[in-house]
Structures are given as structure tokens and as C-alpha cells.
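Coordinate analysis (summary)
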Amino acid sequence: MADFVAKLDGVLDYITLNGTASLHPFFHPYAEALRAQLEAMAGSLLGDVSFQDRTSYFNLFRKVVAAAKVPFYGTPLRGLQVLGFWETRCIRFDEIYLLDMNEETIPPFRRGDSLLPFGARRALGLPTYLDNERRMEYYLDTLVKGGRKVHFFFVQNSERERSRYVEKLIWEGERRERRAGDEDPVRTVRYRVALQSERPEPIPKTAAVAEFLAEFRYSATALDHYLACPLRFYYAYVLKLEEREEITERMEGKDVGSLVHSILEEYFSPFVGRPLRPGELKTADLDAVIERRFGSLYGPDPAGSAFLMSLQVRRQLGRFLTHYQVPQIRGPEERGGSLRILGLEQKLDAEKEVGGRSFRLAAKIDRSEMRGDDLTILDYKTSAATAFLKIRFDRLDPAERRTWPEAVAGLQLPFYTLVYARSRRVPAADVHGLFLMLGKSRLGPRIEFSPFDKEDRDERKGQLEIMEAVLDALLAEIADPARPFDPGLARRNACERCTYSAICGRM
Ligand code: SF4
């Protein structure tokens, strides 16, 4: 920690000497307070502590700094004074402007206490929300009475109401008999807000972009981006703009996803290439893999959200093994066959000719297996929601471009099925593509989901042909130098929650 702190100190020095931050009037109080925290950290028992991973240093630093206080001394009185609300008592003001006089801001206290109910707090002699509200009212009253002229500002609309203190003042004013000619104490200021944002313009393809697209390795995710909005594909894959990775203590969904994939890969790898037997699948072995994987990422004793997540993963994958995997093996066994894993986390490449152009396609198949004579590819999902994986064939017309983004929520399974079939030289209709929804609360055979018909081979063949036509047309459209990246082709509501909305101006 001492070494880490010394490096941070160096960063602070660098910013002070080389940046413009030190010109800001508040830079020095904050920089000094930060330096004091750093010195205290380096000189404390933490100085000798080392962590296994870099994130932990930043997490600790953030916690220590968040608890620090920056005092703004009230004397000598000169220049701008920053005062806390409580510190204004006993001071007389000519004019006071109080912003945000809305409920939940002033007073900001929540009525409920998730740990101790109101009655218990009162019985124990602890302050309740009523005490806090009375205290706030007292300070506010003192401040208002100490001002010659006081302005309250509040927002009033269907979602926000003015503070109870404002209500009280108005009520008291109305109770006092108003003299003739008195002004209404509330004046309204209305803003005209144009919430309509500009429509982004299509972006033409330059010769360099066209060349890049000809060499690009197309994945299902890239094509999903394009189908959702061509401009989003442009930002993500041509300009390679990514969201900044935040260092957080919480485990993000994608962290859990990759961890679960790695656990299942390690657990099933000894069984690849031979029939799976129910007796061989032991929960204790799975637990050992889970512990090892969590340990390698979060240390031997994971804490906080990593600890809770390890318990949840252990419970969920344990049930996956007993309620899903074992019955899945028994099915083919009862028909005189077996379930045999062919591969795990296989990276596959395929070439595809479309309209005289050759495209490179890449897929990563979580697991492929033979269930008796049925060739199956599986994709693990740690969520339970299937809405973003569905294909509405009843609304999909391959000849009508505008139907594609609305009818096809996800291209992953058609894409994987076609790449797998092509790279293994088998008919696509013989490949059963399935998602396993591991996030479902009830784990059993029903966690399998496919956007295709699972029973009827001819029906599935027809659906795959439709999807291949859509994929081909999308590839041709992306690579066509004459067609710009057109946001007009975006899925309805694609801009909501889009990472690129700020760049696009659609915020
Ligand atoms: S904000 Fe809308 S138009 Fe812009 S990239 Fe995202 S989805 Fe496309």
C-alpha cells in the first residue's frame, strides 16, 4: 500500500505542476486533504499490506478517500465562503436564495428505517425521522428569520411537490390577513424545453472503411449490433469505441457470465469424447471447480458481492447438474444411446460467398454434443429472459428489410448453427441449436430455448433457410460501399439504452 500511495502522490504532484486544475480556487483545499489521507494511509498498518489484484488497491483507496472531509474554515472572513446548512445559524443575511425546496430534498430523510422500525428506535431513545425533521425545520426557520429577503425555488409538476416547509410558510402567510395589494407569494417560471433530439445522419463508407469491412471477421454480436442499428455497428466495430471499464466492487453480469462459462468448461472437460454417465457427475467436484475459479479471481476468501455470488453460482450450477444434466443423459440412455460431449468453447471459422464477395465468419460454441444420433450445439446464458433471443417468423419477410430488426431479436443461434454446419460440413438442418437459460429459477429440461422448431426437421430447415437469406443480405448490405451506415434502419426503441446515444446526439 505504501508503494501504491507513493505513486498516487506522484500523480497528484504531476497534476499540480502540469495541469490547469491548480488554477481552480478549490483545488488546493481538496489536494491538501487528499495528500493528508495518502500520508495517513502510508503511515498506518495498511502501509505493509499487499493485495493479490490491482483492483483491491483502488477499492481501498476509494473507500478511504470517500470518508475524508474537506473543511472550509469560516475565518478569516474573506472571499467566497462555503457553509453547511447548519452553519448558517446566528448569521444575518441580506438576501437568501434556497434552491431545491422540494420534498425528498428538503427534508431529505426517509421515513422508514430498514433495520430498526420507528417504534424500536423510539423505545431505544434513538433519533427518529421525526426528530430529524424537527431539527431541519429549526435550522431552516433560524436561517429564514435571519434574512431580510428570502427566495425559495422549487419544482412543481406531476412527479415532484414542493417541500412541506414551503407549504407551511404559504399557509401561515394566508392565515395572516393579507393586506390589499400584496403580491401572490408564489411566482411561476416556465421553461420551454425542446425534448426532441436531432436525427443522426447516415454515415457514408469511405474507401478505407470498405476495405476494412472486406477483411472484417463477422461475429454474431457484430451482426446483432448492425441489425439493431447500423450506426451502432459503425461506432463499435469500425471506430472501435468502447464503454470505459469502471472499477467496481460489484460483480457485473458479464463477469458472472464468463466465470460460469469457465467453470462449466473446466468441469466437463474430462468427459469430452466419451459417453457421459450420471454417476460420474458429482456435485462435490463441481463445488471444487467453483471454489478454485472464484479463488483465482477474488482470492481464497472472497468477500462482499463475490462471496454472495459464489454461493449463488454453487447453488444454481448444483441444481443444473442434478435437475437438468442427469435427466438429459438418461433420455438417450433409455433409447439405447448415450450423450457424448464433442467439444467445449470451440472457436470456429467459416468462409461464406455472398454476391461475389467472400466473408469471414467466426463463432465460439460453448458446447457441442451428440444426444444419441442428434447433433446439438449449446449456448449458456446466465439470464432467464428469452425475449432478446426470439425470432418471430410470422412477422419476418426476408424480402422486406424493415421487418428484420423487429422480427429478429437475436441472430446468435442461426449464425452459430450455420457456422458450425459449414465448418463441420454437415447440413444445417441436422444441427440442433439450443440456449440453456441457467438463470431460470426452476432448473430442468425446460431451461432449453430455441427460436427454431425443435421437433419438425423440415420446419427447422425452412426457418434456417429464411435466416440464412437474412444473414446473407445483411452481410452484403454491410460490405456494400454504396450503402451508408443508416440509422433509419434501426430497430424501434434501439436508441433507448444505447451506449452511443451521447455521440449520436440522441440523449
Ligand atoms: S443512439 Fe440510436 S441512432 Fe445512435 S447509434 Fe444508438 S441506436 Fe443508433
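Within each chain, residues carry numbers counting from 1 in the order of the written sequence. Two thresholds apply to this predicted model, a pLDDT of at least 70 for residue-level local features and 80 or more for giving and counting side-chain atom pairs, whereas whole-chain, interface and lining totals are computed over all residues. Working from all heavy atoms in the structure, the side-chain values ignore hydrogens and water.

1. Observations concerning the overall build of the chain
Helix and strand assignments follow DSSP, with helices taken as H or I runs no shorter than four residues and strands as E runs no shorter than two, numbered in order from the N terminus. Counting secondary structure elements, the chain contains 16 helices and 8 strands. In this treatment the radius of gyration is a C-alpha quantity, and the globule benchmark scales as 2.2 Å times the residue count to the 0.38 power. Taken over C-alpha atoms, the radius of gyration comes to 31 Å for the chain, far larger than the 23 Å a tight globule of 507 residues would show. A principal-axis box enclosing the C-alpha atoms of the chain has dimensions of 90 × 55 × 55 Å. Relative accessible area decides the class of each residue, using a 1.4 Å probe on protein chains only: under 20% of the type maximum gives buried, over 50% gives exposed, and in between gives partly exposed. Here the chain, with 507 residues, has 37% of them falling under the buried criterion.

2. Describing the domain arrangement of the chain
For the domains described, the bounds stem from an automatic or database domain assignment. What the domain assignment lists for the chain is domain 1 (2–66), domain 2 (86–175) and domain 3 (207–504). Using C-alpha coordinates to define each centre, domain 1 is positioned 37 Å away from domain 2.

3. Quick word on the environment of Arg422
Mapped onto the elements of the fold, Arg422 is located in helix α14 (residues 412–424). C-alpha of Arg422 to C-alpha of Glu351: the two residues are 71 residues apart in sequence and 8.3 Å apart in space. Two residues form a contact once any of their heavy atoms are found within 4.5 Å. Contacts of Arg422, omitting those with residues within four sequence positions, involve Ala350, Glu351, Lys352 and Glu468. Any N or O atom pair separated by 3.5 Å or less is treated as a polar contact, with the protein-specific requirement of one donor-capable and one acceptor-capable atom, and with residues adjacent in sequence counted only for side-chain atom pairs. For Arg422, the side chain forms a polar contact with the main-chain oxygen of Glu351, separated by 3.2 Å.

4. Description of unusual backbone geometry
With an omega of 5°, the peptide bond running from Ile106 to Pro107 counts as cis. Mapping Pro107 onto the fold places it in the loop between β1 (93–98) and α4 (118–123). Positive phi outside glycine occurs at Glu345, with the angle close to 45°. With respect to the helices and strands, the residue Glu345 is situated in strand β4 (residues 339–354). For Glu345, a relative accessible area of 14% corresponds to the buried category. Here Arg497, not a glycine, exhibits a phi torsion of approximately 65°, which is positive. You can see Arg497 is positioned in the loop between α15 (457–479) and α16 (501–504).

5. Describing a negative patch on the surface
Patch definition: residues with relative accessible area over 30% and no salt bridge; like charges joined within 9 Å; nonpolar side chains (Val, Leu, Ile, Met, Phe, Trp, Tyr) joined within 5 Å. Surface accessibility in these figures is a Shrake-Rupley result with a 1.4 Å probe; residues are shielded only by whichever protein chains are displayed. By definition, a salt bridge exists where a carboxyl oxygen of Asp or Glu is found within 4 Å of a side-chain nitrogen of Lys or Arg. When charges are tallied, Lys and Arg are placed among the positive residues and Asp and Glu among the negative ones, while His and the ends of the chain are skipped. A charged residue contributes its charge at one atom only: NZ of Lys, CZ of Arg, CG of Asp or CD of Glu. On the surface, Glu455, Asp456, Asp458 and Glu459 cluster together into a negatively charged patch. On the accessibility criterion, Asp458 (57% relative accessible area) is exposed.

6. Considering the packing of aromatic side chains
Here the aromatic set is Phe, Tyr and Trp, taking the six-membered ring for Trp, and pairing holds for ring centres within 6.5 Å; pairs whose planes are under 30 degrees apart are stacked, those over 60 apart are edge-to-face, and all others are tilted. Within the structure shown, the criterion is met by 26 aromatic pairs. Seen from their ring centres, Phe216 and Tyr237 are 5.7 Å apart, and the 75° between their planes marks the pair as edge-to-face. Here the residue Phe216 occupies a position in the loop between α7 (207–215) and β3 (217–218), and Tyr237 occupies one in helix α9 (residues 230–238), the gap between them amounting to 21 residues. Summarising the burial analysis for this pair, Phe216 and Tyr237 share the class buried. Ring geometry for Tyr226 against Phe233: centres 5.6 Å apart, planes inclined by 85°, an arrangement best described as edge-to-face. There is no split in this pair, since Tyr226 and Phe233 are both buried. One aromatic cluster in this structure is built from Phe212, Phe216, Tyr218, Tyr226, Phe233, Tyr234, Tyr235, Tyr237, Phe359, Phe485 and Tyr500. Placement of a positive charge over a ring is assigned whenever Lys NZ or Arg CZ falls within 6 Å of the ring centre and within 35 degrees of the normal to the ring plane. Directly above the aromatic system of Phe485 lies the positively charged group of Lys205, at a separation of 4.9 Å from the ring centroid. Above the plane of the ring of Phe268 lies Arg367, whose end atom (NZ or CZ) is 4.6 Å from the centre.

7. Considerations on the packing of α14 against α15
Angle between the axes and distance between the axes are the two parameters that describe a pair of packed helices. Lines are fitted to the C-alpha atoms to define the axes, a helix being fitted only along its stretch in contact, and any angle between axes, read from their N-to-C directions, falls within 0 to 180 degrees. Running from N to C, α14 and α15 cross one another at 95°; their axes reach a closest spacing of 10 Å. Relative to α15, α14 is oriented roughly perpendicular. Note on element contacts: α15 touches α14 through Leu464, Met467, Glu468 and Leu471, opposite Pro414, Phe415, Thr417, Leu418 and Arg422. Class assignment for the residues of the contact of α14 with α15 results in 6 nonpolar, 1 polar and 2 charged. Angles are sorted into four bins: roughly parallel if under 35 degrees, roughly antiparallel if over 145, roughly perpendicular if 65 to 115, and oblique for all others. Gly is put with the polar residues, along with every residue not named as nonpolar or charged; the nonpolar set is Ala, Val, Leu, Ile, Met, Phe, Trp, Tyr, Cys and Pro, and the charged set is Asp, Glu, Lys and Arg.

8. A short note on α7
Residues Val209, Ala210 and Leu213 constitute the buried set of α7. The arc that holds every buried residue of α7, seen down its axis, measures 100°, which confines them to one face. Counted as exposed and oriented over 90 degrees from the buried face of α7: Ala207, Ala208, Glu211 and Glu215. Packing partners of the buried residues in α7 comprise β3, α9 and α15. The directions from the helix axis to the C-beta atoms form the arc being described.

9. Notes on the side chain of Arg401
Looking at the element boundaries, Arg401 is found in the loop between β6 (374–381) and α13 (403–407). Accessibility expressed as a relative area gives 14% for Arg401, which makes it buried. Not counting the four nearest positions on each side in its chain, Arg401 is found in contact with Tyr226, Leu227, Pro230, Leu474, Glu477 and Leu489.

10. As for the site of the ligand
Taken together, the neighbourhood of the ligand is formed by 11 residues, with Cys229, Cys495, Cys498, Ser501 and Cys504 sitting nearest. Within the residue set of the shell around the ligand, elements represented by two or more residues are α9 and α16. Nearness of a residue to a molecule or strand requires only that one of the residue's heavy atoms be within 4 Å of it.

11. Notes on the pattern of salt bridges
Counting across every chain of the model gives 29 salt bridges. Between Arg483 and Glu477 there is a salt bridge, with the nearest N and O atoms lying 3.7 Å from each other. Residue class for Arg483 comes out partly exposed when judged on its relative accessible area of 36%. According to the relative accessible area criterion, Glu477 is buried, its value standing at 4%. What you see here is one network of salt bridges that share partners, running through Arg367, Glu369, Arg371 and Glu448.

12. Concerning the packing of helix α8 (residues 220–228) against α15
With their axes 11 Å apart at the nearest point, α8 and α15 run at an angle of 80° to one another. Put simply, α8 runs roughly perpendicular to α15. Judged by residue contacts, Leu223, Tyr226 and Leu227 of α8 engage Leu471, Leu474, Leu475, Glu477 and Ile478 from α15. Of the residues in the contact of α8 with α15, the class split is 7 nonpolar, no polar and 1 charged.

13. Topic: the nonpolar core
Within this scheme, the nonpolar core is defined by two criteria: the residues are buried Ala, Val, Leu, Ile, Met, Phe, Trp, Tyr or Cys, and they are joined through side-chain atoms within 4.5 Å. Residues Tyr218, Phe233, Leu396, Phe415 and Phe485 are the most contacted members of the largest nonpolar core, which totals 56 residues. Here Phe415 is in contact with Tyr218, Ser219, Ala220, Leu223, Leu361, Ala362, Ala363 and Leu471, once residues within four sequence places are set aside. Within the second largest apolar cluster, 31 residues are counted, among which are Val260, Leu264, Leu339 and Leu443.

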